[in-house]
Amino acid sequence: MLCKTSKNITMTSRRKFIKAGLLSGLTAFPLASYSNAPAFDLQEHAQDDLYTRVRKQLLVPPNRIYLNTGTLGPSPLPVIEKVAAITRQLEANPGPENFGSLNSEIEQVREKVARFIHAERNEVVLTRNTTEGLNLIAQALHLNAGDEIITTNLEHGGLEVGLDFLKATRGVTVKKVELPLPATNPDEVVRVIEKSIGPSTRMLVLSHVNTITGLVMPFHALSKITQSKNIFLVADGAQAAGMMALNVAHMGVDAYATSGHKWLLGPKETGFLYLKKDFQEQVKPVFTFSGFTAYSASSGTRNVANLIGLGATLDWHEQLGVEKIQSQTKALAAYCLNELKKIKTISILSPEESSLASGIVSFSPQTFKNNQVAEKLAVDEIIVKVLPQLNGIRISCHCFVSKKDLDQFITALKKVLAA
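This section reports on the structure supplied with the text. In this text, all values refer to a predicted model and were calculated from it rather than measured experimentally.

Strands sit in the order 2-8-7-6-5-3-4 across an open sheet of 7 strands; the sheet is mixed. Edge positions in the sheet fall to strand 2 (124–127) and strand 4 (173–177), since each has one partner strand and no second. If you compare each strand with its neighbour and ignore which way they point, the axes differ by 20 degrees on average. As judged from the 5 bridges shared by strand 5 (residues 201–207) and strand 6 (residues 232–236), these two strands associate in the parallel manner.

Spelled out as structure tokens, the structure:
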């Protein structure tokens, strides 16, 4: 429950957004260019326009430092209000609204997704989350017993469940490659994965941004290898969308699945799946049997309010500037990692190399259990993610996090580790 002060702040902010007309078009923000985004100076972070605009739109109380966007991100008020407004419109006349004007709106979301990831609308499927997107591929992709799928030893369970399904139902082999920890350069990562490829390898399934370490997988380089060997390349983009600019064509992937409710800060239970045209013949689940449209006979009724809210989220990101967000999150993460390196009783799990680094920084305490550390930080309203693997703790440095927030986190962490 919000404290009285936080509630007053929230209500004041809400009234300001309504007056500004953010519910209809989110037009209060000047459009930021996708290219030539200025480098972010952490020393000026307190006055930074992006941080100020984003932080005041969140329902996260002022005294809470939320460093767990990699699990679920807090939606900004414009998105929350958009979903609420569509829900009211729908519930006033459910049948005609759902299958009338609102159906047209959710179809437009596919166009927004296509633009956001540099794809075509007929390559986009709206889903509920990353796991569902990956599972649609696992259910429908034709593989034979003995065919091999390569992934890594540091993947999310949502990715792994589809591979387990293929092992149990198709008799495929799953090989988990051990990634360098931390990795030092892209060539090192590519060599490790390329070395694991054999004559039976049919598919690589890898995270775009690794959920454990934050490593950015060098997909463009890997795609040159997979394309030359007729191997499918599939990306789990759960930790990437909203953190960085996406270009699936440049990445060279055959499929890309992600969620709207992590770094995108969108409505919960939203996501999308990119299926490259050439790959669509290989993947034909029942869900898309009637076509890729947002609503079809095979998809059934959709959650139109949340899906339209996803579209509003993409508009919001484009207006803020996707590359500006990327620059800021990377700068924050680099600062966080540098400060963590000064603590002798932890091991850094995330890469320092800029081309491999993301907005995620993970570490492992050497003298405490990770859940003990997280629980003590939570007492000070510092929210982090416990990683079961490697006794790890993950820090998500989104653009609504400040240098001051990170300094408070580091100070609190040192206090916990010194106890």
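Taken as a whole, helix 7 (residues 130–140) has its buried residues at T130, E132, G133, L134, L136, I137 and A138. Residues of helix 7 that are buried make contact with strand 2, helix 8 (157–170), strand 6, strand 7 (255–259), strand 8 (271–275) and helix 12 (277–280). A distance of 3.3 Å separates the backbone nitrogen of T131 from a side-chain oxygen at the start of helix 7, and that oxygen is part of N129.

This part covers the sheet that holds strand 10 (residues 360–365). With respect to topology, 4 strands assemble into an open sheet ordered 9-10-13-12, the strand pairing being antiparallel. Of all the strands in the sheet, the pair left with one neighbour each is strand 9 (346–348) and strand 12 (385–387). Across this sheet, the average inter-strand angle for adjacent strands is 30 degrees, counted without regard to direction. In the sheet, strand 10 pairs with strand 13 (residues 392–396) via 4 bridges, with the strands oriented antiparallel. Along strand 13, the bridge assignment pairs I360 with S396.

Positionally, E188 belongs in helix 9 (residues 186–196). Of the side chains with opposite charge, R191 comes closest to the buried, unpaired E188, at an N-O distance of 6.1 Å. Setting aside its immediate chain neighbours within four residues, E188 contacts P180 and A183.

Where helix 9 contacts helix 10 (residues 219–228), the two axes come as close as 10 Å, and the packing angle between them is 25 degrees. For the element pair helix 9 / helix 10, the angle class is roughly parallel. Crossing of helix 9 over helix 10 shows right-handed handedness. Two secondary-structure elements touch here, helix 9 through V190, I193 and E194 and helix 10 through A221, L222 and I225.

Parameters at a glance
- Residues numbered from 1 in each chain as written.
- Predicted model: local features only at pLDDT ≥ 70, side-chain atom pairs only at ≥ 80, totals over all residues.
- Heavy atoms only, no water.
- Pairing = 2+ DSSP bridges.
- Helix = DSSP H or I, 4+ residues; strand = E, 2+ residues; numbered from the N terminus.
- Axes fitted to C-alpha atoms, helices over the stretch in contact; angles between N-to-C directions.
- Buried < 20%, exposed > 50% of the residue type's maximum accessible area, 1.4 Å probe, protein only.
- Contact = heavy atoms within 4.5 Å.
- Polar contact = N/O pair within 3.5 Å; in protein donor to acceptor, adjacent residues only side chain to side chain.
- Lys, Arg positive; Asp, Glu negative; His and termini not counted.
- Salt bridge = Lys/Arg side-chain N within 4 Å of Asp/Glu carboxyl O.
- Parallel < 35°, antiparallel > 145°, perpendicular 65-115°, else oblique.
- Left-handed = near helix turned anticlockwise from the far one by under 90°.

Geometric values such as these leave the question of function open.
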